[in-house]
Amino acid sequence: MRNPFEFGRELSATELADRVDEVATVRQTMGEGGRLFLIGPRRFGKTSILRAAAERATADGVVVLRYNAEAFPTLTLLAQRIVADAAQSLTGPVKKAGHKIQQAFGGLRPQLSYNPLDDSFSASLGAAPARSEEATLVEALGGLDRLAAGAGRPVAVVVDEFQAVVEAGGVEAEGQVRAAVQTHDHLAYVFAGSKTRMLTQMTGDEGRPFYRLGARLFVGPVPREDFRPFLRAGFEAAGLAIEDGAVEAALDLSEDVPYNVQRLAHECWAEARAQAEAPGPPLSAGDVGVVLDRLVRRDDPFYTQTWNGLTGTQQKALLALVAGGGTGLYSRAVLSTYKLPLSTMRTAVRALVNVGVAREEQEGGSVRYALEDPFFAAWLRAFAAAP
């Protein structure tokens, strides 16, 4: 039997644990021409939510064009992909594609190429050198809106890791994209991003262009009452025995981060299957801890590189974060223990967030810092000396 716990790739709708409400909201936005910001940390399954919603929206007759902004070194390359996908999905017969693309994207002077071997299009743009990258992207979205007007069915644009667009074009890109998007009557937009603080400020600060452009949906952990039966079912379907404490241990050690839960469950399932070959007790919480230790040691070179890439002050701040569960970092006791002034600790914590080691979580009026990879904490406890 194939291991039911997948990680490291986009999951389809049938492979997701829960996320019913999130998928339904994104799907509805795609079909109704809405605007939505999907915000959540990495490893929480945003991309899988987008895929599942796109699958279902496509089944409803929606044309869904999906892009990961981080996959394009420049905004011009993203614009070229948009033009090529428009030719693929919205122009009808191949012989009419060139004419329709020229009509919709004429300002970009597009050159379209068709590959009959795989039935695909590519595009290059001959826009004036004076045109900025963000202006090129805006013009591409405008052309897509013009083409979508005659599509006869809903068209949705999904931009994952949308913060990369803003980082590439700066505040000017925010303003230009906002000005264009709010005038597009024939496109739905879903913007997703993993830099939660940045996206929250971008969409929640009334002084920023994207303020109230659309609805916001924050992606958090999968509720345990949904994850528990999902995990147990994966083991029971293969006739493998697992204790309740083992399920809880997997969630605790993964800190409810969906990617890490799936990865640990994947290895635990393989361990339980190996144990089943020689009759023995069901998988226990202790077994889960052993499996995690094996995973951490397997990834030791990566964690070692990450650790050695931090300054001494950042290493102290990281140890303090793990020891205190992400809270109380600026208390007198913690600052004294790690021999750091308050301003130095604040600077070090911000650096950990900026390099992607940690993230800031704000909920219920309180702030907590968490590791982007919860398993890094296990490595730190095993290999990094506490003060």
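Cut-offs and rules
- Residues numbered from 1 in each chain as written.
- Predicted model: local features only at pLDDT ≥ 70, side-chain atom pairs only at ≥ 80, totals over all residues.
- Heavy atoms only, no water.
- 1 Å grid on protein atoms, 1.4 Å probe; cavity = no way out; pocket = protein on both sides within 12 Å on 5 of 7 lines; lining within 4 Å.
- Points joined across faces, edges and corners; volume = space filled by probe spheres on them.
- Helix = DSSP H or I, 4+ residues; strand = E, 2+ residues; numbered from the N terminus.
- Nonpolar A, V, L, I, M, F, W, Y, C, P; charged D, E, K, R; others polar.
- Polar contact = N/O pair within 3.5 Å; in protein donor to acceptor, adjacent residues only side chain to side chain.
- Contact = heavy atoms within 4.5 Å.
- Buried < 20%, exposed > 50% of the residue type's maximum accessible area, 1.4 Å probe, protein only.

Student: Tell me about empty space enclosed by the protein, and please be specific about residues and values.
Tutor: Regions of empty space are outlined by a rolling probe, equal in size to a water molecule, passed over the atoms. Enumeration according to the criterion identifies two cavities of 30 Å³ or more in this entry. By volume, the largest cavity amounts to about 50 Å³. Every residue along the wall of the largest cavity is listed here: Leu 231, Phe 235, Ile 242, Ala 246, Val 247, Ala 250, Leu 264, Ala 265, Cys 268 and Val 288. The set of elements that each furnish at least two residues to the lining of the largest cavity consists of helix H8 (224-236), helix H9 (244-253) and helix H10 (258-276). Leu 78, Ile 82, Leu 137, Leu 141, Val 159, Phe 162, Val 165, Val 177 and Phe 191 are the residues that line the second largest cavity. For the lining of the second largest cavity, the elements supplying multiple residues, two or more each, are helix H3 (75-90), helix H5 (133-148) and helix H6 (163-181). The residue makeup of the lining of the second largest cavity, split by class, is nine nonpolar, no polar and no charged.

Student: For the side chain of Ser 12, give the residues involved together with the corresponding values.
Tutor: Inspection of the secondary structure assignment puts Ser 12 in the segment before helix H1 (20-32). Only 3.2 Å separates the side chain of Ser 12 from the side chain of Thr 14, close enough to count as a polar contact. Among all residues touching Ser 12, those that are not within four sequence positions of it are Arg 51, Ala 52 and Glu 55.

Student: Lay out unusual backbone geometry in plain terms, naming residues and giving numbers.
Tutor: Backbone geometry at Asp 119 places phi at a positive 55°, although glycine is not the residue there. Looking at where Asp 119 falls in the secondary structure, it is placed in the loop between strand S3 (110-115) and strand S4 (120-125). Backbone geometry at Arg 212 places phi at a positive 60°, although glycine is not the residue there. For Arg 212, the position within the fold is in the loop between helix H7 (196-204) and strand S7 (215-218). The exposure class of Arg 212 is exposed, given its relative accessible area of 66%.

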